[in-house]
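Structural overview for review
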Amino acid sequence: MSDEPQQQGWTPRDATAADPPDTDKRPGAKTGPDDTDQAPGEDETPEADEARADDEARGDEEDGDDGARADEEDGDDGEPADEEDGDDGEPATEKAAPAGEDPDADEEPDEPAPSTHTAHAGATATAAVNARKTRKTRKKKGRASRPKRTGWRRAVPTWRVTLGALLFASLLVIGGLVTGYLLVDIPPANAAATAQTNVFLYEDGTHIARDGDVNRENVSLDDIPLPVRRAVLAAEDRDFYSAPAIDPMAMVRAAWNTVTGKGKQSGSTITQQYVKNYYLGQEQTITRKVKEFFIAIKLGRNQSKNEILEGYLNTSYFGRNAYGIQAAAHAYYGKDVQDLDTAQGAYLASLLNAPNAYDVATYPENKQAALARWKYVLGGMVKEKWLSAENRADLTFPMPERAKPVSGLSGQGGYIVQAVKEYLAARGILDEKTLATGGHRITTTLQRGKQDALSAAVDEQVNSQLDSEREADRNVRVGGVSVEPATGKVVAMYGGIDYTKQFVNNATRRDYQVGSTFKPFVIAAAVENRSTTQDGHPINPNTVYVGDSKRPVQGWSGARYAPENEDDVSYGPIPVRRAADESVNAVFAQMAVDVGPSRVMNTAIALGIPKTTPDLSPSPSIALGPATASVLDMAGAYATLANHGKHTQYTLVENITKNGTEVPLPEPSTEQAVSREAADTTTAVLRGVVDGGTGSAAQSGGRPAAGKTGTAEEDRAAWFAGYTPELATVVAVMGQNPKTGAQTPLYGALGMSRINGGGAPAQIWGQYTAAALEGTPVQGFDLRLAPGSNEPPPGQRDPEDPESGNPEDPYRPSDPGEQAGTGRDGGPWGVGGAGSRPGAGEGTGTGPGGPSGQTPRTPTGAGSPTAPLAPAPATPATGSTGPAARPH
């Protein structure tokens with residue numbers, strides 16, 4: 001054997017049997033006792049290669065038709081992987097030189113013999129390629145053999161299409177959100193943060209008042225007590241500190257509620273509300289909502305929760321022109337915010353939802369709604385464990401102070417501004433928050449000359465008569481409104497002595513009974529519905545009723561109702577027109593039952609009384625005016641009567657502009673509320689009230705006029721409602737304690753024992769009407785009366801006309817002691833028993849002068865042309881004196 005080292009991995013051609021070749025040392029080659037004397041690949045034949053390839057192919061088929069495992073091992077293209085160390089994909093056939101041997105030596109080794117190992121690898125690769133081709137062919141055939149989609153299944157997208165669409169939509173949404181976030185920047189503060197002044201003008205453009213100076217005092221969050229902050233969170237956003245700046249689910253829910261008619265809902269978080277208040281505006285547009293969405297997100301990332309809550313509490317509107325929690329604390333409780341207790345904080349938090357609706361000091365009729373909201377806030381605090389149930393039970397409703405006037409709104413200007421604001425909000429023209437942004441130029445329908453005339457009449461007839469030494473005079477309040485019947489325009493309004501001294505507008509408040517000024521609506525309803533008495537006689541101005549005080553109404557299925565007449569005077573049989581002159585309660589209560597209380601109520605609503613008026617309900621008492629409509633409401637209804645039954649909704653605003661742009665106003669509409677005959681017949685009856693009834697003081701107007709007096713329960717208010725063809729005007733004198741706000745009787749006011757509608761209210765009406773219409777032609781009423789209005793119904797006789805009625809069945813005196821309403825024929829129109837009318841008899845019954853200083857009309861003897869028929873006593877009491885029938 002040669003001393004030179006032999007190259008491993010091959011056998012020289014001239015090797016002898018005594019020197020066997022080295023075994024194959026390639027990595028991975030197997031060695032063992034059987035292959036020691038065998039060269040690598042000695043038993044490998046082409047037949048064995050093919051058998052091995054077939055075995056591998058069968059194994060691949062068993063593993064899966066798709067050949068996934070083979071593809072993973074061989075590569076994505078399905079070709080065999082290159083052998084190790086081969087740059088061009090060819091198998092490596094040489095080993096690295098042994099250590100210590102120079103591969104560049106001059107001696108070149110003999111040419112090595114071909115390796116059987118290389119042949120085996122090539123055969124294996126060829127077999128694998130063939131097997132892979134077989135698998136691909138089989139897979140194509142499998143796809144070709146799948147059934148095609150038919151029928152409705154063709155319209156249903158595959159899961160691949162559905163998944164792709166969802167992915168595409170998601171990308172669009174994400175892209176839109178990203179784009180919006182990048183494009184929308186946080187803007188500077190809007191106009192609400194630096195509100196402008198609103199200007200209010202008369203119809204001719206002259207100045208009435210300015211309003212809009214923002215009442216705001218910013219405070220730090222640390223100055224606001226924790227219970228007050230938590231009350232606001234309980235009212236507006238209980239998850240404020242734990243939730244993101246926006247609440248998409250709440251926004252979707254709010255939008256759905258709005259679309260489905262459940263009312264406009266707010267899905268805004270406190271952050272969104274702050275963005276709207278401080279950076280944007282109150283307009284309800286998609287653009288504003290989109291901006292609010294992205295600004296809120298950015299604001300939530302740029303500011304802390306405490307900073308956002310502080311800004312929200314300093315910019316929110318609480319009513320009474322108070323912006324921010326500090327201004328609200330002073331406006332409602334006269335103290336700094338840090339001095340508020342939990343109950344007061346909960347009330348202020350309630351106001352954020354609807355400031356006007358929950359101001360119980362200004363609008364006492366809203367107390368129930370305010371109380372419910374206050375309880376809701378406290379309940380939320382208990383639920384969030386911010387307030388214990390025990391402490392909650394100890395809290396009582398914190399009644400706020402009476403509103404303090406805003407500076408610069410003295411005299412009548414403040415009342416007008418307040419009325420216009422309420423009108424704009426009620427009509428949906430401008431809500432309170434939008435108007436508070438300022439910059440509006442509002443031209444009202446008020447006429448300066450008529451406004452001055454109404455104020456002068458009140459000053460002369462009432463204010464100049466007040467004496468500070470008389471305690472009753474401190475309680476006197478006056479409200480007045482004048483409306484054009486043809487247009488519905490409010491041309492004059494008197495709200496009180498001074499807005500800075502008496503904040504509540506007496507012309508628009510709805511908390512005093514209207515009294516007998518409601519009775520004309522009963523007459524109109526009777527004619528409109530062609531109603532009859534219970535014995536079938538048509539109701540008209542000459543229909544005769546029994547007018548005895550405390551007479552129970554007939555035909556009413558409810559509880560017994562027997563109203564008392566003014567001064568408990570009984571009138572016996574009396575026609576409707578004279579019952580109106582004397583304001584006889586018994587007659588109109590019975591008439592309301594005959595017509596139907598529901599029909600009376602519906603007629604009043606059609607004429608202009610709001611259906612939401614407190615105490616407006618269908619019962620016999622509706623005729624006597626327990627409803628608490630406002631002076632403005634009554635003026636609108638009487639204007640409908642003056643306009644022959646055509647109702648035009650009253651208006652206070654002629655024009656509105658902001659920054660030169662006109663704000664659209666609703667078009668006025670007119671509808672026939674009741675027939676002309678019903679309205680004109682009522683007017684004919686009311687003319688008698690002015691010509692010779694309780695409203696005779698209104699004759700000082702110097703014009704043909706119709707009207708009705710009224711007195712609230714316990715004389716807490718006295719009314720006169722009247723009209724000429726040109727103007728409908730209502731005046732009310734009210735009693736109210738200036739400290740407690742409680743309603744008080746008017747006894748002793750103006751130096752009189754009492755005030756009634758025929759006194760100061762009618763006198764104010766007359767003086768104002770004369771001045772307002774001075775220089776204009778006198779117009780008479782053009783009336784179209786219902787049939788039979790000038791004569792009594794068949795079968796009835798007019799007590800004022802002995803020749804009328806059925807001569808064969810005249811009214812006769814009933815037996816002494818017989819109750820009223822059960823006359824000779826037992827019908828409801830029978831004559832009361834002898835003596836049922838105090839003061840009746842021969843001669844003239846007289847009574848003392850009424851408290852207004854005038855001599856009231858009293859029942860007179862049978863010889864009087866204005867006396868109702870009365871039973872003659874057995875022994876006439878000539879010259880007897882009966883009690884006075886004071887105006888009502």
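So, here is what we can say about the structure in this document. (Residues numbered from 1 in each chain as written. Predicted model: local features only at pLDDT ≥ 70, side-chain atom pairs only at ≥ 80, totals over all residues. Heavy atoms only, no water.)

**Some details on the overall build of the protein**
When you go through the protein residue by residue, the secondary structure sums to 23 helices and 16 strands. Counting across all 888 residues of the protein, residues that qualify as buried make up 46%. Across the protein, contacts joining residues at least 24 apart in sequence account for 71% of those joining residues at least 6 apart. With the model as given, the accessible surface of the protein reaches about 43800 Å², and the carbon-plus-sulfur share is 49%. (Helix = DSSP H or I, 4+ residues; strand = E, 2+ residues; numbered from the N terminus. Buried < 20%, exposed > 50% of the residue type's maximum accessible area, 1.4 Å probe, protein only. Contact = heavy atoms within 4.5 Å. Areas by Shrake-Rupley, 256 points an atom, 1.4 Å probe, with all protein chains shown as cover.)

**Some words on the packing of helix H5 (residues 226–236) against helix H9 (residues 305–315)**
Interhelical geometry of H5 versus H9 gives an angle of 85° and a closest axis separation of 12 Å. Accordingly, the angle class assigned to the pair H5 and H9 is roughly perpendicular. When H5 is examined against H9, the residues Arg229, Val232, Leu233 and Glu236 are found in contact with a partner set consisting of Leu309, Tyr312 and Leu313. Of the residues that constitute the contact of H5 with H9, the class distribution is 5 nonpolar, no polar and 2 charged. (Axes fitted to C-alpha atoms, helices over the stretch in contact; angles between N-to-C directions. Parallel < 35°, antiparallel > 145°, perpendicular 65-115°, else oblique. Nonpolar A, V, L, I, M, F, W, Y, C, P; charged D, E, K, R; others polar.)

**Regarding helix H12 (residues 367–383)**
For H12, spanning 17 residues, the distance from its first C-alpha to its last is 24 Å, which sits close to the expected 24 Å at 1.5 Å a residue. Listing the buried residues of H12 in full gives Ala370, Leu371, Arg373, Trp374, Val377, Leu378, Gly380 and Met381. Buried residues in H12 make contact with H5, helix H11 (342–351) and helix H13 (389–394). (Expected span 1.5 Å × (residues − 1).)

**A short note on helix H21 (residues 631–642)**
Each full turn of the α-helix corresponds to 3.6 residues, which orients residues three or four apart in the same direction. With 12 residues, H21 ought to run about 16 Å at 1.5 Å a step, and its terminal C-alpha atoms sit 16 Å apart, in line with that. With 12 of 12 residues buried, H21 is to be regarded as a mostly interior element. Turning to H21, its buried residues are Val631, Leu632, Asp633, Met634, Ala635, Gly636, Ala637, Tyr638, Ala639, Thr640, Leu641 and Ala642. Just beyond H21, the residue with positive phi is His644, at close to 60°.

**What about the pairing of strand E16 (residues 728–735)?**
Of all the 8 residues making up E16, 8 are buried; the element is thus mostly covered by neighbouring parts of the structure. Of the two faces of E16, the one holding Ala728, Val730, Ala732 and Met734 and the one holding Thr729, Val731, Val733 and Gly735 are both buried throughout. Where strand E6 (residues 476–483) and E16 come together, 8 bridges link them in antiparallel fashion. Each residue of the ladder has a partner; that of Arg477, found in E16, is Met734. When strand E15 (residues 717–723) meets E16, the two strands line up antiparallel, connected through 7 bridges. For Tyr723, the partnering residue across the bridge sits in E16 and is Ala728. What sits between E15 and E16 in their antiparallel hairpin is a turn of 4 residues. (Pairing = 2+ DSSP bridges.)

**Brief notes about the pattern of salt bridges**
Following the criterion strictly, the structure yields 16 salt bridges and no others. Notably, a salt bridge pairs Asp568 with Lys550, separated by 3.9 Å at the nearest N-O pair. In this pair, Asp568 is assigned in the loop between strand E8 (544–546) and strand E9 (573–575) and Lys550 in the loop between E8 and E9, connecting sequence segments 18 residues apart. For Asp568, a relative accessible area of 34% gives the class partly exposed. Relative accessible area serves as the criterion here: at 45%, Lys550 is assigned to the partly exposed category. We note a salt bridge from Asp782 to Arg676, for which the minimum N-O separation is 3.3 Å. On the criterion of sequence distance, the pair formed by Asp782 in the segment after helix H23 (760–772) and Arg676 in helix H22 (residues 676–692) is long-range, its members being 106 residues apart. Salt bridges sharing common partners tie together Glu203, Lys489 and Glu654. (Salt bridge = Lys/Arg side-chain N within 4 Å of Asp/Glu carboxyl O.)

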